[in-house]
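Close look at the chain arrangement
Here is how the chains run, residue by residue.
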Amino acid sequence: MESWLDLSVPVVTGMPVYPGDPEVEVSRALRVAEHGVNVLRLHMGSQSGTHVDAPYHVDEAWPTLDDLPLERFAGPAVVADVRGLPARAPITPDLLAPALGLLRPGSVLLLATGWSRYWGTEDYLAHPWLTPEAAEAVVAAGVLTVGVVAPGVETRGPQDVAAPPVGGGWGGGVSTRWAWPGCASPRPVPWIYPPTVCCAERGV
């Protein structure tokens, strides 16, 4: 491994958030000159920027982030290159076939949609989405976690709504809003994304 790529988006004041989520504000809380240390004050929602959606995020009967072992968020990642799809296009099992052939139990699946180019625009919400059949194929392959360059794996809007591939029987996580560098590897690559758990409330 020659180098690591940081695929997360920076957390900054005014960054894009899903409609209805808390706005993000980053400000100085303490300064070295006055307090001896530098500390930032953060105001943000749990689903701001690049983050992990626990199964609990969509159903209170399912596991929270603190219920999931850290092993779920590190491992060999297979990149499914589905760039070039139009807005709200379904990602079917056929489109995932090349990646599904490389997946092994314990793998991470990264969906390279190309949608990071729309970050900060309304078009970002019109991303391609996993069909229920594709989600079932991913779970059947033994995938630990799905990472996607989009707000989520399901559609956002009044049409073509599909359930995300999370559930009480799966116990994985969906890591969303990645900034993809514009390339895709034909072989598994190392991947790690430890989630941040808010201990004052059940991790979502």
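Residues numbered from 1 in each chain as written. Predicted model: local features only at pLDDT ≥ 70, side-chain atom pairs only at ≥ 80, totals over all residues. Heavy atoms only, no water.

**Some points on a nonpolar patch on the surface**
A surface patch of nonpolar side chains, about 350 Å² in accessible area, is lined by V11, L40, L42 and M44. Within the secondary structure, L42 is located in strand β2 (residues 39–43). Judged by its relative accessible area of 53%, L42 is exposed. (Patch = residues over 30% accessible without salt bridge, like charges linked within 9 Å, V, L, I, M, F, W, Y side chains within 5 Å. Areas by Shrake-Rupley, 256 points an atom, 1.4 Å probe, with all protein chains shown as cover. Salt bridge = Lys/Arg side-chain N within 4 Å of Asp/Glu carboxyl O. Helix = DSSP H or I, 4+ residues; strand = E, 2+ residues; numbered from the N terminus. Buried < 20%, exposed > 50% of the residue type's maximum accessible area, 1.4 Å probe, protein only.)

**Quick notes on the nonpolar core**
Judged by nonpolar contacts, the single largest core of 20 residues is most densely connected at L96, L109, L111, L130 and V143. At the level of elements, β4 (74–81), α2 (93–100), β6 (108–112), α3 (132–140) and β8 (145–148) are the ones that each hand at least two residues to this core. Setting aside residues no more than four positions away along its own chain, L111 makes contact with A80, L96, L130, V146, G147, V148 and V149. Formed by 13 residues, the second largest nonpolar core is a distinct cluster that contains A54, Y56, L65 and L110. (Core = buried A, V, L, I, M, F, W, Y, C linked by side-chain atoms within 4.5 Å. Contact = heavy atoms within 4.5 Å.)

**Quick notes on the packing of aromatic side chains**
All chains considered together, the criterion is met by 2 aromatic pairs. Considering the side-chain rings of W119 and Y124, the 5.2 Å spacing of their centres and the 85 degrees angle between planes classify their relative orientation as edge-to-face. In this structure W119 comes out as partly exposed when scored by relative accessible area, which is 27%. Among the residues examined, Y124 registers a relative accessible area of 6% and is labelled buried. (Phe/Tyr/Trp six-rings, centres within 6.5 Å; stacked < 30°, edge-to-face > 60°.)

**Structural notes on the side chain of T131**
Following the sequence through the fold, T131 ends up in the loop between β7 (129–130) and α3. Aside from chain neighbours lying at most four places away, what touches T131 is P90, I91, T92 and P93.

**Comments concerning α3**
Those residues of α3 that sit buried are A134, A135 and V138. One side of α3 holds all its buried residues, which, seen down the axis, span an arc of 100 degrees. Turned more than 90 degrees from where α3 packs its buried face, E136 and A140 sit exposed. Lining the buried residues of α3 we find β5 (90–91), α2, β6, β7 and β8. Residue G142 follows α3 closely and has a positive phi angle near 85 degrees. (Arc of directions from axis to C-beta.)

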